[in-house]
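# Structural overview for review
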Amino acid sequence: MSITERMGHVIDLNLTDEIIGLENAHIVQSYKRPPFVLVRGEGVTVYDAEGKAYLDWVAGIAVNALGYAEPGMVNAIQTAASGLLHTSNLYYTEAQARLAAAICEKSFADRVFFTNSGTEANEGAIKFVRKYHYDRGDSERKEIVCFSGAFHGRTLGSLSLTPKEKYQKPFSPLMPGVVVAEYNDIASADAAITERTAAVIAEPIQGEGGINPATDAFLQALRRFCDERGALLIFDEVQAGMGRTGTLWSSEPSGVTPDVQVLAKALGAGMPIGAILTTNAVADHIHPGDHGTTYAGGPFITSVAHYVFDRISQPEFMAHVREVGDYLKERLQEINSPLIKEVRGRGLMVGLELTVDVAPVIEAGYQHGLLMVNAGPSVIRFVPPLIVEKQHVDVLIERLTDILAATGGARS
Ligand SMILES: Cc1ncc(COP(=O)(O)O)c(C=O)c1O
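Residues numbered from 1 in each chain as written. Predicted model: local features only at pLDDT ≥ 70, side-chain atom pairs only at ≥ 80, totals over all residues. Heavy atoms only, no water.

This next bit is on the site of the ligand. The ligand sits among 13 residues. The nearest are Gly 118, Thr 119, Asp 236, Gln 239 and Lys 265. One nitrogen or oxygen atom from the side chain of Asp 236 is found 2.7 Å from a nitrogen atom belonging to the ligand. Out of a free accessible area of 390 Å², the ligand has 82% covered by protein chains. Considering only residue class, the shell around the ligand consists of two nonpolar, seven polar and four charged. (Near = heavy atom within 4 Å. Polar contact = N/O pair within 3.5 Å; in protein donor to acceptor, adjacent residues only side chain to side chain. Areas by Shrake-Rupley, 256 points an atom, 1.4 Å probe, with all protein chains shown as cover. Nonpolar A, V, L, I, M, F, W, Y, C, P; charged D, E, K, R; others polar.)

And the structure:
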């Protein structure tokens, strides 16, 4: 054992090799990871087993909205842990009901169904929209319209709505009745949404697809086509929702409300929870036995998520996200590099599109103490903890400028 100490924290120099060895031997190799082991975090910084610090622009893929070891969250977890952890959904518990009421108060929704993840929330949403039409005697209405560039999850229903060959091809046959239209193309949506459409599903800002905001006109057109043709509108706010874009829901600026909205990620800020929000018009068709889950909505997780929801939904918190998000975009736009094609996004969901593959830039980020993640081959996605400050943006810009200069030469 090689043990040393840095800044009061014990560092085990052998841990990295040991854990990477165990991982490579015993974990299904569906992820490619960089060669360090993260052991702790504080604020917007995480540390590896050798004591190296990384400024975190990933936040566990848009999850850790309150950063790491946030005292209020630690307290909420400790308090919840000494109460009921799990009871199943056979019984009434307090935290689930109170969180649902809080979410309904701040959204279009009348009712909530909790899940354990984003993909599971989308699976539930698919079932809800099908049940709605079935109950109303329109059981032939089965089609779901999704969009190019969409990402809705990895389980079979949501994977079927994620039109990417690499993700879908080996796992066929997928769910039938999926129609793919062009994102942000009103004419394409117009042609795809018909009397056979059960629902249309869209991300108001696509995350995995490359940080692509929908135009307000596109979202408004989806609402209009759904209303005219009797289809339901689902917004997948798993990544863009919960304050990430500077409004609680990323669809807010468009003025459009959906019939069903799916949440996860920052709702638990690191604890696994998702949710399906819907209206009474839809929920009235969901009866005992139609859908279920053993764990989701449990008292422990929902009481921690309630703490997170109350923090994030404060107007000052949203204002902070908008201010730092605008600053991040501004500073990224100032970087003078021929490799930069476009900076886009809203709030703290920002994409930097390069003219080259971003993998080497992300790789170099590790040497420079930055965690960054891609969204497709040419976009670096910045989705940091929502508590990030302007000073952290300055550090990012300084390091990224150096990396881009070394990668492709900065303009003088
Ligand atoms: C928009 C969107 N929907 C659904 C999902 C799937 O969520 P989960 O990974 O929690 O299943 C993701 C994950 O990245 C997402 O970005």
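Another aspect to go through is the confidence of the model for the protein. Summarising the model, the protein shows a mean pLDDT of 96, and 96% of its residues fall at 70 or more. Strand β12 (residues 232-236) holds the highest mean pLDDT among the elements of the protein, 99, whereas strand β1 (residues 3-6) holds the lowest, 67. (pLDDT = per-residue confidence, 0-100. Helix = DSSP H or I, 4+ residues; strand = E, 2+ residues; numbered from the N terminus.)

The interhelical angle for the contact between helix α4 (residues 94-105) and helix α11 (residues 299-312), taken along N-to-C directions, is 30°, at an axis separation of 8 Å. Judged by the angle between their axes, α4 and α11 are roughly parallel. Our pair here, α4 against α11, has a crossing hand that is left-handed. Taken together, the residues of α11 that come into contact with α4 (itself represented by Ala 95, Gln 96, Arg 98, Leu 99, Ala 102 and Ile 103) are Pro 299, Thr 302, Ser 303, Ala 305, His 306 and Phe 309. (Axes fitted to C-alpha atoms, helices over the stretch in contact; angles between N-to-C directions. Parallel < 35°, antiparallel > 145°, perpendicular 65-115°, else oblique. Left-handed = near helix turned anticlockwise from the far one by under 90°. Contact = heavy atoms within 4.5 Å.)

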